[in-house]
Each structure stands twice: as structure tokens, then as C-alpha cells.
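Examining the three-dimensional arrangement
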Amino acid sequence: MTVRALVLWDVDHTLIDNGGMSKATYAKAFTELCGHAPEHPAETDGRTDPMIMANMLERNGVSPTPEMISEIPAALEAALKANFSELQKRGHALPGAHDVLNLADKVDGLAQSALTGNIIANAKLKLDAFDLSEKIDWEIGGFGSDSDVRSDLVDVAIGRANRKFGVDLPKSAVVLVGDTLRDVEAGVTSGVRVIGVATGKFSTDQLVDAGADVAYESMSDAHRVLETVKQFTGLG
């Protein structure tokens, strides 16, 4: 397949509802790093994992050493592995998630991956929990393990796709799909098209006001979402 376009899916509250297990995982990782439970929970809202953990440490009066910072990814992965069965019990795939990934996989010229603040190991674990990871190209995409700044992840993902497929994708051939204002900001800042989905805490109006090209209440109409991706990227 000659890749001519790229769609990047956010994970939490776009493809899955994690049932509160993300915050439980940050708390478990904090306890592993610091030897005691946090008093103040993590604040997420589309931040990357490194930013979330750094903010959580500061809010709990911990000044992380370079060694502690280097241990964050391993602590997060171990925490989510420990919470995996609970994630499967409390979370679920969001409406349309399976269908939209399967439909995208059949579009000639379209590659798909994830763009998420999760470190790559935890992004894959979360999608594995609900049988959503198979259609994601994990060799491309952008993850919290790549940069603290979410908007940097779009260029990371495009660069990986270009190298893997031997192409030079224009920004006009890339679509980011997400549920938070930070998702929208990342897409707008990077110059790619953005589809907002109001399956998190933000409404369609808020997502469009922030710069999304279009926003849907959910991805339950997977065909509509895919047709929008194709239209935006010139594959339609």
C-alpha cells in the first residue's frame, strides 16, 4: 500500500473509557516512586504522562530527582499492568471505536496510529484491554514517552510515518481525532485537520470553538467519522 494519508486517534475518552483507572495508575506509580500514597490526585485533561506525573509530584510536595524522573515510565507501565484486570472490569471501548478502526484499516492509502499523552507501553495496554490495538500501527504515532509537549507529538508521528513508508506526507493529509481542548490545540498548532468527539468532558461547541474543524457527539456513526477523515485528507 502506498500511504497517502494518516489518521491519529487519541486513546482515553476517544477510543476508550478507562473507568477511572488512569488516575488509579498514576497514584500507584506515585506510591512506587515515593514510598507513600499521594494526598492530591493527578490532574489529566489531555496532558502527557510525564507532565501529569511531574505536576502530581509537585502538588504533593515532592521535588523529583533526575533519577526519579527517569524511573517514571517504568513505574507507570508496572502500575497499569497491575491494574489491567481492573481496567477491563471498569472500562470499556467507546461506541464506534471498533468499527471506525476496522473501517479505516480498509481504506486504501490510509495509515492509522495513536496520538496520546500515554507512554507507548500504556497506550497499547489500554487498547489491548478492549481488543482495539490490532489495527493501530505502533511503529508510527506519537506518545507521551516521546515528548512532554502534546503538540510535538504530531510531528513525531508524521516523521515516523514518512520514514516507515518512504513518503513525505503534507500536513493537509493528516487528521487528529480527540476529545480534549489539548487534542485540538495540538492539531491546530501543528497545522493538521482536527475532528473533535464530545465523549470526554468537552462539548462539541467547546471543541469547535477551540479550533476543531468539526466535532461529533461520539463516534457511534463510524461511517460518518471515516468519511470525514477521507474528505479532509483527499481520499474521499
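The following refers to the structure shown. (Residues numbered from 1 in each chain as written. Predicted model: local features only at pLDDT ≥ 70, side-chain atom pairs only at ≥ 80, totals over all residues. Heavy atoms only, no water.)

**Some remarks on the pattern of salt bridges**
- All chains considered together, the criterion is met by 14 salt bridges.
- With its nearest N and O atoms 3.7 Å apart, the salt bridge here joins glutamate 43 to arginine 59. Of this pair, glutamate 43 sits in the loop between helix 1 (21-34) and helix 2 (49-59) while arginine 59 sits in helix 2; the two residues are 16 residues apart in sequence, bridging distant segments of the chain.
- Ionic pairing is found between aspartate 146 and arginine 160, a salt bridge with its closest N-O pair at 2.7 Å. Taken together, the residues span a long stretch of sequence, with aspartate 146 in the loop between helix 6 (120-128) and helix 7 (152-165) and arginine 160 in helix 7 at a distance of 14 residues.
- Taking the relative accessible area as the measure of exposure, arginine 160 reaches 24% and is therefore partly exposed.
- One continuous salt-bridge network, built from bridges that share partners, spans Asp10, Arg150 and Asp183. (Salt bridge = Lys/Arg side-chain N within 4 Å of Asp/Glu carboxyl O. Helix = DSSP H or I, 4+ residues; strand = E, 2+ residues; numbered from the N terminus. Buried < 20%, exposed > 50% of the residue type's maximum accessible area, 1.4 Å probe, protein only.)

**What to know about the side chain of threonine 180**
- Tracing the backbone shows threonine 180 in the loop between strand 5 (174-178) and helix 8 (181-190).
- Of note is the side chain of threonine 180, whose polar atom sits 3.3 Å from the backbone nitrogen of arginine 182.
- The residues contacting threonine 180, other than those within four sequence positions of it, are Asp45, Gly46, Phe202 and Leu207. (Polar contact = N/O pair within 3.5 Å; in protein donor to acceptor, adjacent residues only side chain to side chain. Contact = heavy atoms within 4.5 Å.)

**Describing the packing of helix 1 against helix 3 (residues 66-82)**
- With their axes 8 Å apart at the nearest point, helix 1 and helix 3 run at an angle of 130° to one another. Judged by the angle between their axes, helix 1 and helix 3 are oblique. Read as a crossing pair, helix 1 and helix 3 show a hand that is right-handed. Facing helix 1, whose interface residues are Thr25, Tyr26, Lys28, Ala29, Glu32, Leu33 and Cys34, helix 3 presents Met68, Glu71, Ile72, Ala75, Leu76, Ala79, Leu80 and Ala82.
- Of the residues that constitute the contact of helix 1 with helix 3, the class distribution is 11 nonpolar, 1 polar and 3 charged. (Axes fitted to C-alpha atoms, helices over the stretch in contact; angles between N-to-C directions. Parallel < 35°, antiparallel > 145°, perpendicular 65-115°, else oblique. Left-handed = near helix turned anticlockwise from the far one by under 90°. Nonpolar A, V, L, I, M, F, W, Y, C, P; charged D, E, K, R; others polar.)

**Digging into the sheet that holds strand 7 (residues 214-216)**
- An order of 4-1-5-6-7 is seen for the 5 strands of this open sheet, with the pairing classed as parallel. Across the chains shown, the open sheet's two edge strands, defined by having one partner strand only, are strand 4 (110-114) and strand 7. Here the average twist between neighbouring strands, direction ignored, is 20°.
- As paired strands, strand 5 and strand 6 (residues 193-197) are joined by 4 bridges and run parallel to one another. Considered in strand 6, the bridge of glycine 178 is made with glycine 196.
- Sitting on the sheet, helix 5 (residues 97-105) is in contact with strand 1 (5-9) and strand 4, with an inclination near 145° to strand 4. (Pairing = 2+ DSSP bridges.)

**Digging into helix 2**
- For helix 2, the full list of buried residues reads Asp49, Ile52, Met53, Met56 and Leu57. Looking down the long axis of helix 2, one finds its buried residues gathered within 130° of arc, a one-sided arrangement.
- A positive backbone phi angle near 75° is found at glycine 61, which sits one or two residues after helix 2. (Arc of directions from axis to C-beta.)

**Digging into the environment of valine 7**
- Within the fold, valine 7 resides in strand 1.
- For valine 7, a relative accessible area of 0% puts it in the buried group.
- Counting along the chain gives 223 residues from valine 7 to lysine 230, while the straight-line C-alpha distance between them is 9.4 Å.
- In this structure, valine 7 is in contact with Leu110, Ala111, Gln112, Ser113, Val175, Val177 and Val229, ignoring residues within four places of it in sequence.

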